[in-house]
Amino acid sequence: MRAVDDVSLTVARGKTLGLVGESGSGKTTIGKCILRLMEPTSGEILYDGVDFRALDARQLRASRADMQMIYQSPSASLNGRMTVGQIVGEPLWIHEGIGSSAARDRVLELMHVVGLKEEHYFRYPHEFSGGQQQRIGIARALAVRPGLLVLDEPTSALDVSVQAQILNLLQQLQDRFELTYLFISHDLSVVRYMCDEVALLYLGKIVEQAPVRTIFEDSRHPYTQALISAIPEPEPDSQGEQIVLRGDPTAGRAERGCPFAPRCHAETLDRCATDEPPLVTVDADHKVACHLHPEVV
């Protein structure tokens, strides 16, 4: 089984691409491969025209500041033996050679930008709430002035009210620093709020990709339609019929045919079990991998 199979993504500068899928679909693997925290077995990682896979260790270290990651679990991503000042200041020492004392003003500025106070400088991660810990992680990522942030479900471990605060902060930072986001999530409501474009991932394959409005108003793939039908509505009586998927995605994909065919709720064709559908453009900026769609040939 390939965790990620023939996935190709392009993120425009200053925009947000959402990567959506259930657990085990390969979302985090893609994010880590982009940053070379995991080494892909093939393909290219192009950033401003430079192939990151072609860089040696020294070149990679010099270039890595351009791409940073915000992790799903804020408490697990922070060193509990370091203070906030040390955590946020460490990237400055690693990439710019700035000592802790010289970096203090810059660290305090970053803390202020993400909503932390000066009095937090000498405190340890366990003294903060989950939302505050995530703010520390965001400040650490911003310390080296990156162009791209890979956000790996940055709000899934937080309370709903705190989620909104962090999402608003990320939008403000994107506008202020002209950041580009790859936003990994399984929450379509959050994706709808944050993203410009969305790619739906199923068992390591992209099954649909389109601008966010198109995904929610004119989704074509049965998997996308099922996910959207599961979004809770403020007025349950007005919610359409929910599509319940059968089968277990963790059982792995078949050797042949469409990877979603064993769970598809639509009327399947004979070739769904034998031929894997290609990802083709069916409309402007809208790609779908499904034999049931009339534009797919």
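Residues numbered from 1 in each chain as written. Predicted model: local features only at pLDDT ≥ 70, side-chain atom pairs only at ≥ 80, totals over all residues. Heavy atoms only, no water.

1. Looking at the overall build of the protein
Here comes step 1: Of the regular secondary structure elements, the protein holds nine helices and 10 strands.
Here comes step 2: Its C-alpha atoms give the protein a radius of gyration of 21 Å, near enough to 19 Å, the size a compact globule of 297 residues would have.
Here comes step 3: Referenced to the eigenvectors of the C-alpha coordinate spread, the extents of the protein come out at roughly 70 × 50 × 35 Å.
Here comes step 4: Every one of the 297 residues in the protein was classed for burial, and the buried ones make up 47%.
Here comes step 5: In the protein, the share of contacts with a sequence separation of at least 24, taken over all contacts with a separation of at least 6, comes to 61%.
Here comes step 6: Surface summary for the protein: the accessible area is close to 15700 Å², and the carbon and sulfur share equals 46%.
Here comes step 7: Within the protein, the 40 negative side-chain charges are centred at a point lying 7 Å from the centre of the 29 positive side-chain charges. (Helix = DSSP H or I, 4+ residues; strand = E, 2+ residues; numbered from the N terminus. Rg over C-alpha atoms; globule rule 2.2 N^0.38 Å. Buried < 20%, exposed > 50% of the residue type's maximum accessible area, 1.4 Å probe, protein only. Contact = heavy atoms within 4.5 Å. Areas by Shrake-Rupley, 256 points an atom, 1.4 Å probe, with all protein chains shown as cover. Lys, Arg positive; Asp, Glu negative; His and termini not counted. Charge placed at Lys NZ, Arg CZ, Asp CG, Glu CD.)

2. Quick look at the pairing of strand E1 (residues 16–20)
Here comes step 1: Burial within E1 is extensive, with five of its five residues counted as buried.
Here comes step 2: Here E1 shows two buried faces, one formed by Thr16, Gly18 and Val20 and the other by Leu17 and Leu19.
Here comes step 3: The sheet contact formed by E1 and strand E7 (residues 197–202) spans four bridges and is parallel. Counted as the bridge partner of Val20 is Leu200 from E7. (Pairing = 2+ DSSP bridges.)

3. Describing the sheet that holds strand E9 (residues 280–283)
Here comes step 1: An order of E4-E5-E6-E1-E7-E8-E10-E9 is seen for the eight strands of this open sheet, with the pairing classed as mixed. Among the strands making up the open sheet, the edge pair consists of strand E4 (67–70) and E9. Averaged over all pairs of adjacent strands, the angle between strand axes in this sheet comes to 25°, irrespective of strand direction. (Axes fitted to C-alpha atoms, helices over the stretch in contact; angles between N-to-C directions.)

4. Topic: the packing of helix H5 (residues 130–142) against helix H6 (residues 160–177)
Here comes step 1: Interaxial distance between H5 and H6 falls to 10 Å at its minimum, and their mutual angle equals 15°. Taken together, the axes of H5 and H6 lie roughly parallel to each other. Here the hand of the crossing between H5 and H6 comes out right-handed. Along its contact with H5, which presents Gly131, Gln134, Arg135, Ile138 and Leu142, the element H6 presents Val162, Gln165, Ile166, Leu169, Leu170, Leu173 and Phe177.
Here comes step 2: Per-class residue counts for the contact of H5 with H6 are eight nonpolar, three polar and one charged. (Parallel < 35°, antiparallel > 145°, perpendicular 65-115°, else oblique. Left-handed = near helix turned anticlockwise from the far one by under 90°. Nonpolar A, V, L, I, M, F, W, Y, C, P; charged D, E, K, R; others polar.)

5. Observations regarding helix H9 (residues 222–229)
In an α-helix, one full turn covers 3.6 residues, which means residues spaced three or four apart are oriented alike.
Here comes step 1: H9 sits mainly inside the fold: six of its eight residues count as buried.
Here comes step 2: Among the residues of H9, Pro222, Tyr223, Thr224, Ala226, Ile228 and Ser229 are the ones counted as buried.
Here comes step 3: Turning to H9, the residues buried within the fold contact helix H7 (188–194), E7, strand E8 (205–211) and helix H8 (212–217).

6. Side note on the environment of Asp159
Here comes step 1: Turning to its location among the elements, Asp159 is positioned in the loop between strand E5 (148–152) and H6.
Here comes step 2: Along the sequence, Asp159 and Gly130 sit 29 residues apart, while their C-alpha atoms lie 8.4 Å from each other.

7. A few points about the state of the cysteines
Here comes step 1: Inspection of the entire model under this criterion finds zero disulfides.
Here comes step 2: Of all cysteine sulfurs in the structure, the one in Cys33 sits closest to Cys195, which takes part in no disulfide; the separation is 20 Å. (Disulfide = S-S within 2.5 Å.)

8. Focus on the pairing of E4
Here comes step 1: Taking every second residue as pointing to the same face, both faces of E4 are buried, with Met67 and Met69 on one and Gln68 and Ile70 on the other.
Here comes step 2: Relative to E5, E4 runs parallel, the two sharing four bridges. Residue pairing for E5: Gln68 is matched across the bridge by Leu149.

9. Topic: the packing of helix H3 (residues 84–96) against H5
Here comes step 1: With their axes 7 Å apart at the nearest point, H3 and H5 run at an angle of 30° to one another. Here H3 lies roughly parallel to H5, going by the angle between them. Crossing hand, H3 versus H5: right-handed. Mapping the contact onto sequence places Val84, Ile87, Val88 and Pro91 in H3 and Ile136, Ala139 and Arg140 in H5.
Here comes step 2: Across the contact of H3 with H5, the residue classes tally to six nonpolar, no polar and one charged.

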